[in-house]
Every structure is written in C-alpha cells, then in structure tokens.
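Listed below are the residues making up each chain.
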Amino acid sequence: MKLIVVAESAEVAVSGADLVCDYVAKTTSPVLGVATGGSVVGLYRELAQRHARKEISFGATRAFLLDEYVGLGADHPQSYRQFIRDHLSTQLDLHDDCVFGLNGTTADFDAEALHYERLLDKHRVGLQIVGIGRNGHLAFNEPGSSLASRTRVLPLSAQTRRDNARFFDRSENVPSFVLTQGIGTILQAARIVLVASGAHKSTALARALEGPVGSRVPASALQLHADVVVVADAEAASELTIGDLPFEAVPAGRPFVTTR
Ligand code: GLP
C-alpha cells in the first residue's frame, strides 16, 4: 500500500488526478471505477480542467459506478448516475453510453446484480476510485458487510442516511436501500485509489488502514489488496501512525509519500 499525505484537500484532487491520468494515458482501453460523494468532486473538477487544456482524453475509457440508490432512476437529480454525468462525463469526452451503473428502479435486484457482476467480469476495472464513509463503509458496503460480498441490495445505516441527507431537499427523501458492488467485487480492480479529506474522516481512515481487518470496518479489506494508493490530506491522515511524522507539518506542494 502506498500512502500519499498532502497538506490540504486541493492537493488530494491533484495527486488523485495524476494517478487517474497516468493510468488512462498508458492504457489502450481504460476501465475506470468511479465513486460518488463529496470526496471526489475536486478530483473530477481537476480531471475536467486537464481535459479542457487538452492534456488528457477519455475517449477510449469505459466507466463503472460503484453503487446506486434503490428507487431513483438514472435521470433522477440525486441518482449516482446523474452525479457522474454532472461532475464527470459531461465535463470530459467520456460518452454517456460508455458509463455503466446499477439500475435503481429494477424490479429484480438479484438479476440486476448478476448482470452487473458479469459486465465487470468482462471489463475488468483497471483503476478504481473510492472514498470512505465516516463509519468505514466502502461504496455502500455498510459495517457488517462480508469482505467477500458481491453486488447486491442492502439497507443503509442511519449514519449514512444522515451523512448523505445534504444532497437531498429533505432528509426523509434519502432512500433506505441501495444497490452496491460488494467488497469482493471492488477488490477485483487491478488498482484502487482511495481519496480522503478532512478531520471527519481521520478515525475511519486509521481504522481502515491500521485496525483489524474485518466486516465492522468494510474499508479495512483494502489491507488485503496488493495495489492500493491512499491519498489523504493532513487532517484525514492525522490519526495514522507512521514513525513520528507530524502530519500537520506536511508542507504545501510537497507530498509525504511512503509505502507500508
Ligand atoms: C457515499 C458513497 C461512497 C462514498 C462515501 C463517502 O455514501 N456511497 O462511495 O465514498 O459515502 O462520501 P463523501 O465523499 O461524500 O464523504
């Protein structure tokens, strides 16, 4: 596992974009796993800016979403499919029909999950972007999720519904159920890039990277993957243990990089 600690969240976006662009530029048919949520907004903006400056093309890229709310159609403003349209695909030369997600309005969750697993088997993700929930969730794999889990329907925890209420007009509109790639599905990606910013992520990040591996902290499964890059700002990294380095002292523009 490689850990990159930067001074602030704007630098998380830059370092994350460096990793994505390096992968896309070097790969003939890139397959990108894309996360949603506040943590990735800056990273996607950085990718859009680089594309606008003609530094990178996503014309040959396919993108796969991690998860989706049950009950929200692909055009619903709060659906994750629409989030990726708003923040990523429409800002790049990434065609909408090269973006794949779970159908939140399906009548048959099991068939939808199996169909998505088959698609992911066919188009193996080369680089998966992930964030981390404050309770250690990965995609929508809430605490208690099996580390071998595959794509399936799950209920959300009260904390995640509260955390995500900011994206909805009214908190009672946050769906109670989701479709999500499983932990086992996510671990199939060749490389996983985790981005985390802010003090509110520090406990989850420390538990995921340094705590016991187990279903109470689903993101701890990343410890079992051979190619994970964690990009965190000093606040998010503040509870990590790496020698005696005081992370608050990471200088602006000079990331601290270590392998663990
Ligand atoms: C959301 C998503 C995750 C995301 C996480 C953190 O609910 N399902 O994929 O990584 O929770 O969200 P944020 O980046 O907004 O803190």
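As the structure is a prediction and not an experimental result, all values here were calculated from the model. (Residues numbered from 1 in each chain as written. Predicted model: local features only at pLDDT ≥ 70, side-chain atom pairs only at ≥ 80, totals over all residues. Heavy atoms only, no water.)

A. Representation of the layout of surface pockets. Considered as a void within the structure, the largest pocket measures approximately 540 Å³ in volume. Taken together, the elements giving at least two residues each to the lining of the largest pocket come down to α1 (9-26), α2 (41-52) and α5 (158-164). Here the element with the most residues in the lining of the largest pocket is α1; it accounts for four residues. Residue classes in the lining of the largest pocket are distributed as 14 nonpolar, 13 polar and five charged. (1 Å grid on protein atoms, 1.4 Å probe; cavity = no way out; pocket = protein on both sides within 12 Å on 5 of 7 lines; lining within 4 Å. Points joined across faces, edges and corners; volume = space filled by probe spheres on them. Helix = DSSP H or I, 4+ residues; strand = E, 2+ residues; numbered from the N terminus. Nonpolar A, V, L, I, M, F, W, Y, C, P; charged D, E, K, R; others polar.)

B. Quick peek at helix α7 (residues 202-210). Every buried residue of α7 is listed here: Ser202, Ala204, Leu205, Ala206, Ala208 and Leu209. Next to the buried residues of α7 lie β9 (191-196) and β10 (228-233). (Buried < 20%, exposed > 50% of the residue type's maximum accessible area, 1.4 Å probe, protein only. Contact = heavy atoms within 4.5 Å.)

C. Region of interest: the sheet that holds strand β3 (residues 62-65). Strands sit in the order β5-β3-β2-β6-β9-β10-β1-β11 across an open sheet of eight strands; the sheet is mixed. At either margin of the open sheet sits one strand with a lone partner, and together these are β5 (99-100) and β11 (256-259). Inspection of the sheet shows strand β1 (residues 2-6) paired to β11 by four bridges, in the antiparallel sense. Along β11, the bridge assignment pairs Val5 with Phe256. Where helix α3 (residues 80-87) meets the sheet, its contacts fall on β2 (31-34), β3 and β5, and the angle it forms with β3 comes to roughly 140°. (Pairing = 2+ DSSP bridges. Axes fitted to C-alpha atoms, helices over the stretch in contact; angles between N-to-C directions.)

D. Representation of the environment of Glu11 within the structure. With respect to the helices and strands, the residue Glu11 is situated in helix α1. Sequence separation between Glu11 and Asn141 is 130 residues, and the spatial gap between their C-alpha atoms is 27 Å. Filtering out sequence-adjacent residues up to four positions away, Glu11 remains in contact with Val6, Ala252, Gly253 and Arg254. Within the local environment of Glu11, its side chain forms a polar contact with the backbone nitrogen of Gly253, the two atoms lying 3.0 Å apart. (Polar contact = N/O pair within 3.5 Å; in protein donor to acceptor, adjacent residues only side chain to side chain.)

E. Summary view of the site of the ligand. If you check the shell around the ligand, you find 14 residues, and the closest are Gly38, Ser39, His137, Arg166 and Lys201. Interatomic distance of 2.9 Å between a side-chain N/O atom of Asp67 and a nitrogen atom of the ligand. In this structure, an oxygen atom belonging to the ligand sits 2.9 Å away from a side-chain N or O atom of Asn164. In isolation the ligand offers 390 Å² of accessible surface; the protein chains occlude 94% of this area. With respect to the detected pockets, the ligand is housed in the largest pocket. Residue composition of the shell around the ligand, by class: four nonpolar, seven polar and three charged. (Near = heavy atom within 4 Å. Areas by Shrake-Rupley, 256 points an atom, 1.4 Å probe, with all protein chains shown as cover. Sits in = over half its atoms within 2 Å of the grid points.)

F. Layout of the packing of aromatic side chains. All told, the structure shown has six aromatic pairs when counted by the stated rule. Between the aromatic rings of Tyr69 and Tyr80, the centroid separation amounts to 4.9 Å while the plane-to-plane angle is 50°, which identifies the pairing as tilted. A residue pair is termed long-range when its members are at least 10 positions apart, and Tyr69 in strand β4 (residues 67-69) and Tyr80 in helix α3 qualify at eleven residues. Exposure remark for Tyr80: the relative accessible area of 9% places this residue in the buried category. Ring centres 5.4 Å apart and planes at 85° place the aromatic pair Tyr69 and Phe168 in the edge-to-face group. Taken together, the positions of Tyr69 in strand β4 and Phe168 in the loop between α5 and β8 (177-180) put the pair 99 residues apart, joining distant regions of the chain. In this structure, Tyr69 and Phe168 share a single accessibility class: buried. An aromatic cluster of three or more residues is present, and its members are Tyr69, Tyr80, Phe140 and Phe168. (Phe/Tyr/Trp six-rings, centres within 6.5 Å; stacked < 30°, edge-to-face > 60°.)

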